[in-house]
Every structure is written in structure tokens, then in C-alpha cells.
Amino acid sequence: MAIAFMPISRLATMILLLFVLCFSCLVSTEAYDPLDPNGNITIKWDIIQWNADGYVATVTMYNFQQYRHIQAPGWQMGWTWAKKEVIWDAQGGQATEQGDCSRFKGNIPHCCKKSPTIVDLMPGTPYNKQTANCCRGGVLNAWGQDPGTAVGAFQLSVGQAGTTNKTVRVPKNFTLMTPGPGYTCGPAKVVKPTKFISQDGRRVTQALMTWNVTCMYSQFLAQKTPTCCVSLSSFYNDTVVSCPTCACGCRSNITQLGTCIEANSHLASVVYGSSQSSNPLTPLVQCTNHMCPIRVHWHVKLNYKEYWRVKITITNFNYRMNYTQWNLVVQHPNFENLTQIFSFNYKPLAPYSAINDTALLWGIKFYNDLLVQAGPYGNVQSELLFRKDTSTFTFEKGWAFPRRIYFNGDNCVMPPPDSYPWLPNSGSRLHFSFLTLAITLATSVFLHSHAR
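Residues numbered from 1 in each chain as written. Predicted model: local features only at pLDDT ≥ 70, side-chain atom pairs only at ≥ 80, totals over all residues. Heavy atoms only, no water.

What to know about the pattern of salt bridges
Here comes step 1: Applying the stated criterion to the full structure yields three salt bridges.
Here comes step 2: One salt bridge connects E383 with R309, and the closest N-O pair in it is separated by 2.4 Å. A residue pair is termed long-range when its members are at least 10 positions apart, and E383 in strand 26 (residues 379-387) and R309 in strand 19 (residues 307-316) qualify at 74 residues.
Here comes step 3: R309 gets classed as buried once you look at its relative accessible area, which sits at 17%.
Here comes step 4: Salt bridges linked by common partners bring K301, R309 and E383 together as one network. (Salt bridge = Lys/Arg side-chain N within 4 Å of Asp/Glu carboxyl O. Helix = DSSP H or I, 4+ residues; strand = E, 2+ residues; numbered from the N terminus. Buried < 20%, exposed > 50% of the residue type's maximum accessible area, 1.4 Å probe, protein only.)

What follows is the structure, encoded as C-alpha cells:
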């Protein structure tokens with residue numbers, strides 16, 4: 001009743017404020033990852049030298065995400081200049097387009113576009129074009145997997161930009177484009193100048209000016225078509241639960257994933273080993289009921305007195321993609337008691353320290369860190385040994401199977417829970433006994449009535 005006597009202008013203001021708060025909460029949840037709540041990609045722009053009409057800056061990108069990495073063909077970073085800046089030169093990276101530089105005579109800038117896009121250089125670039133942490137083809141590993149290769153950098157010589165901290169203007173509208181997941185970048189913020197320590201540790205220098213840009217993974221921008229699925233099996237049930245039908249597309253409508261090739265077709269042998277020159281972003285997959293480029297199979301293999309054993313197999317059905325530095329994130333309550341893992345690296349992901357039910361798995365370098373394209377060698381596998389916790393362990397009701405699985409940061413499609421391989425239990429035997437008893441009684445009544 002109090003609202004009825006509230007002034008209309010005040011009521012309208014409260015409704016508008018409530019709407020804004022709800023909208024801001026919605027936007028923030030799109031970029032929030034509960035498994036990696038502090039994960040982000042931070043871009044640090046350090047001005048290290050003034051020039052006649054501008055400055056030299058080192059731009060460094062840190063992938064602080066625990067399990068999402070940037071794979072080939074790599075990242076593309078863009079922004080919009082605040083004034084009429086140009087890029088005179090670039091080291092460790094290059095602009096994808098030069099733009100219109102017709103107003104310049106003599107020395108022609110590297111890029112004159114108002115909104116340039118920079119990409120990393122490829123491995124094998126001449127040394128005089130390189131900088132530290134450059135030239136990996138735009139590939140950035142996840143911080144949780146390999147911090148040493150989770151950093152990328154390039155250097156720019158910027159002109160027509162101002163030559164003091166007061167005349168330089170911070171670029172705006174930063175973008176970070178990557179294959180697969182999408183990122184949203186916030187505004188650049190001027191921060192305390194970065195300090196640099198010499199190799200001998202005896203001298204500290206600092207940037208003339210520094211600003212940071214934070215980019216967050218966005219489910220809204222990420223590709224909407226799933227890229228992986230999960231199948232299940234166990235030693236105690238002959239049922240093999242396949243990936244859900246049409247998990248990543250249907251064979252009758254496969255335009256989103258390109259075409260598919262039958263595994264036993266003569267085309268498969270032709271495509272294998274020759275498709276890497278094609279566009280890797282458009283999967284050419286093996287024809288399956290699920291049409292996913294990647295399948296993860298979880299098999300409950302053995303049961304011991306105090307332990308139980310699981311086998312994980314990752315199969316690549318994509319003829320156009322070799323997955324370098326792949327990783328797998330698995331959620332299961334028994335990771336608290338993981339005893340041993342074979343042929344994979346393991347790291348617990350515990351964003352909430354009280355709960356340790358998530359594991360980051362990836363291949364061993366030079367052994368199985370490369371998941372090659374579809375074909376006879378297009379799979380990697382490992383086994384996990386868990387110690388039983390008597391207070392929680394059971395094979396009943398699908399407890400032994402994972403809750404969620406991510407491949408390279410993409411959420412894999414799980415089978416419906418009611419299709420999991422169930423443990424034969426006393427309930428099923430009791431049901432059988434009642435059925436047998438009913439048939440026996442019916443037969444006895446029938447024979448007794450006819451005997452009369």
C-alpha cells in the first residue's frame with residue numbers, strides 16, 4: 001500500500017534503477033566462469049621511449065586463465081586510436097592492413113588505419129623483427145598449463161601521438177578476437193608504470209606510462225555449436241552409452257560443420273594427412289551419429305578393495321585440426337582422492353579451496369601433447385586410479401561418471417543421466433522376483449481352473 005502513495009517520479013526512478021541493476025548483473029554473469037573466477041587476459045601497454053612525434057611501446061598479453069588457451073591461427077588484437085595516430089613500425093607483430101597512407105611523403109608508416117588490427121608473427125621470423133615472447137603464430141597457452149608460454153608481446157613505434165604523459169591519449173574500444181571462444185574487453189585504465197628488473201637483478205627501470213586492458217571470456221560471444229561430447233561405459237554393465245545423437249550437428253543438416261566423411265570410405269585415406277592446408281576453423285569430421293570433432297570416453301575399468309580405476313580416451317574426428325597443447329577439465333567428487341594418473345599431466349582446479357572436485361588434465365610434452373587429426377593415430381588416452389572414500393563411494397546411480405567435461409575450454413555435451421550404465425542391484429533382482437512370482441501364480445490359477 002505504501003507504493004500507491006509514492007510520487008510517480010520517484011517510483012519511476014526506482015524501477016529504472018532496478019532495471020539497470022538487473023541488467024548489469026546479467027552482463028557480469030556472462031563473463032563469469034565458476035571454475036576459473038579470476039581468469040582473464042590482461043593487455044599491458046608500456047611506453048618505454050619518447051620519439052620526435054610519439055613513442056615506442058611494448059604491448060604484452062598475459063593469459064591468466066587456468067585452462068582456456070588460444071590455439072592456431074592465433075589471436076587478433078584491435079583498438080581505435082583517440083587522435084590521428086599512426087604506426088611507424090612494428091616488431092614481433094604486424095598490422096593486417098596498412099590503410100590509406102597517401103598523405104605521407106618519403107617514409108611510409110606501417111599502418112595508418114584509425115582502427116588497426118595486430119597479429120603475431122610466425123615462428124622462424126628473422127631475429128631483427130622479433131621481440132621477447134613473440135612469434136608463436138598467435139598461440140597462447142593457459143596459465144594453469146604452461147605459464148612460460150602464456151605470454152605474448154609485440155612492440156610498436158607510434159607517431160602523431162604526443163610526446164608527454166599529458167598529451168598522449170589512451171586508445172579505446174579494445175577487441176581480442178580468437179578462434180573459438182569470444183572475449184569482451186573493458187576500457188584501458190592508466191596504472192602505475194611497470195617496473196623492469198635487469199637480468200643480473202641489480203638495476204630497476206620503469207615505463208614512462210602504462211595502461212592495462214582486461215579481457216574476459218564471454219559465453220555470449222563464444223561459438224554456439226558444441227565441439228565435443230562424452231560417451232560412457234563400465235565393467236559392470238554391457239551398455240555403452242554413446243554421445244547424444246546430433247550433439248554437435250546432424251548428418252542430414254551438417255552445413256554448420258562442413259561436410260563429413262565415412263570412416264571406411266576411400267576419401268578418408270585421401271583426406272588423412274592432406275587436409276591441413278584447408279581452413280581449420282571449419283571442421284571436416286568423420287560421419288558419426290553425434291557429428292562432433294572431439295569425443296571424450298569415460299570407462300569405469302576396474303574395482304579393487306580400496307581403489308577403483310578409470311580409463312579416459314579422447315578421440316579426434318576432425319580431419320582438419322591437430323590439437324596442440326590440448327587440455328581436459330573434468331568434474332568428479334572423487335578427485336579429492338586421486339592416487340595416480342598415467343600418461344597425462346594433472347593439476348587440481350580448486351577455486352573454492354574447501355572443494356577439490358575439478359581436475360585439469362593435459363598431455364606430456366613430446367609424448368601425447370599433440371592430438372593429431374582424425375585417423376588411426378587420432379586419439380590419446382590415460383588411466384586414473386582413485387582411492388575409495390567409504391563415506392561417499394558407490395557405483396550406484398551413475399556416481400562413478402563425471403559431472404561435467406570441458407575440452408580446450410568448451411563444455412562437452414553429456415548423455416542424459418537416465419541413460420548412464422546402471423549397477424545391477426537388489427532392486428532389479430527384487431523386481432524380477434515379483435515378476436516371476438506373478439507369472440507363477442497366474443499359471444497356477446489357470447491350471448487349477450482348467451483342472452476342474
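Things to note about the state of the cysteines
By definition, a disulfide links the sulfur atoms of two cysteines through a covalent bond.
Here comes step 1: In this structure the tally under the stated criterion is eight disulfides.
Here comes step 2: What pairs with C246 in a disulfide is C250, and their sulfur atoms sit 2.0 Å apart. With the S-S bond torsion at 130 degrees, the cross-link from C246 to C250 turns out right-handed.
Here comes step 3: For C250, a relative accessible area of 25% translates into the label partly exposed.
Here comes step 4: The disulfide partner of C248 is C292, and the gap between their sulfur atoms is 1.9 Å. Residues C248 and C292 are joined through a disulfide that is right-handed, its torsion about the S-S bond being 85 degrees. (Disulfide = S-S within 2.5 Å.)

Quick notes on a positive patch on the surface
Here comes step 1: Residues K84, R103, K114 and K172 make up a contiguous surface patch of positive charge.
Here comes step 2: As for its position among the elements, K84 is in the loop between strand 3 (76-80) and strand 4 (86-91). (Patch = residues over 30% accessible without salt bridge, like charges linked within 9 Å, V, L, I, M, F, W, Y side chains within 5 Å. Areas by Shrake-Rupley, 256 points an atom, 1.4 Å probe, with all protein chains shown as cover. Lys, Arg positive; Asp, Glu negative; His and termini not counted. Charge placed at Lys NZ, Arg CZ, Asp CG, Glu CD.)

Details of the nonpolar core
Here comes step 1: By size, the foremost hydrophobic cluster in this structure holds 38 residues, and its most contacted members are W308, I312, I314, W326, L328 and F407.
Here comes step 2: Among the elements of the structure, strand 14 (228-234), strand 18 (294-303), strand 19, strand 21 (327-331), strand 22 (338-342), strand 24 (358-363), strand 26 and strand 27 (404-407) are those that each provide at least two residues to this core.
Here comes step 3: Those residues within four positions of L328 in sequence are excluded, and the remaining contacts are V296, I312, I314, A359, L360, L361, I405, Y406 and F407.
Here comes step 4: Of all hydrophobic cores here, the second largest spans 33 residues; its members include W45, M77, I118 and V158. (Core = buried A, V, L, I, M, F, W, Y, C linked by side-chain atoms within 4.5 Å. Contact = heavy atoms within 4.5 Å.)

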